[in-house]
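So you can see what is in the structure, the chains are spelled out below.
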Amino acid sequence: WMKVDLQGDGAADGYMWAGMLEPVTASPSSPVILKDITALVTPAMAKAFCPDAGSLAINRNLPFVLAGLRAFTLGDRDMVAMALATIRCETAGFLPIDEGVSIYNTSVEPFDKYEPGTSAGAKLGNTAIGDG
């Protein structure tokens with residue numbers, strides 16, 4: 001694990017698995033080409049991000065995560081690392097979870113605070129009934 005500066009202010013803002021980092025070699029005037037690395041991501045790499053997750057859960061779910069990233073052209077190193085880090089924070093077991101109904105997302109009907117016409121729905125881009 002290495003400290004990383006996410007804000008560009010010289011201060012460490014978080015940690016990242018060192019195996020996902022590489023030196024920057026492009027000059028500022030060079031075009032940035034984001035290389036899809038999803039075919040290179042192994043269950044062992046995912047295990048390094050989520051050490052408490054079982055191998056069975058990683059083996060079952062990692063292909064879906066990587067396919068989803070590829071489907072939206074989000075397979076570059078930064079996005080893969082962000083997806084794996086989010087999985088670690090949200091579900092350290094590398095298992096799908098449902099969002100539970102709570103006072104933060106529901107007034108009357110489940111998840112109605114995310115529906116079109118609500119401030120949260122507008123921020124999320126929800127435009128059709130049921131998007132919430």
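Residues numbered from 1 in each chain as written. Predicted model: local features only at pLDDT ≥ 70, side-chain atom pairs only at ≥ 80, totals over all residues. Heavy atoms only, no water.

A. Inspection of unusual backbone geometry at higher detail. Unusually for a residue other than glycine, phenylalanine 94 sits at a positive phi of about 60 degrees. Residue placement: phenylalanine 94 occurs in the loop between helix H3 (77-90) and helix H4 (119-124). (Helix = DSSP H or I, 4+ residues; strand = E, 2+ residues; numbered from the N terminus.)

B. Representation of helix H2 (residues 55-71) within the structure. With 17 residues, H2 extends 24 Å between its outermost C-alpha atoms, agreeing within 8% with the 24 Å of an ideal straight helix rising 1.5 Å per residue. At asparagine 61, H2 shows its maximal kink, close to 35 degrees; a proline, proline 63, follows between one and four residues later. Contacts from the buried residues of H2 go to helix H1 (43-49) and H3. The first or second residue beyond H2 is threonine 73, which carries a positive phi of 55 degrees. (Expected span 1.5 Å × (residues − 1). Bend = angle between axes of the 7 residues up to and from the residue. Contact = heavy atoms within 4.5 Å.)

C. Focus on the nonpolar core. By size, the foremost hydrophobic cluster in this structure holds 17 residues, and its most contacted members are Leu62, Leu84 and Phe94. Listed by contribution, the elements that provide at least two residues to this core are H1, H2 and H3. (Core = buried A, V, L, I, M, F, W, Y, C linked by side-chain atoms within 4.5 Å. Buried < 20%, exposed > 50% of the residue type's maximum accessible area, 1.4 Å probe, protein only.)

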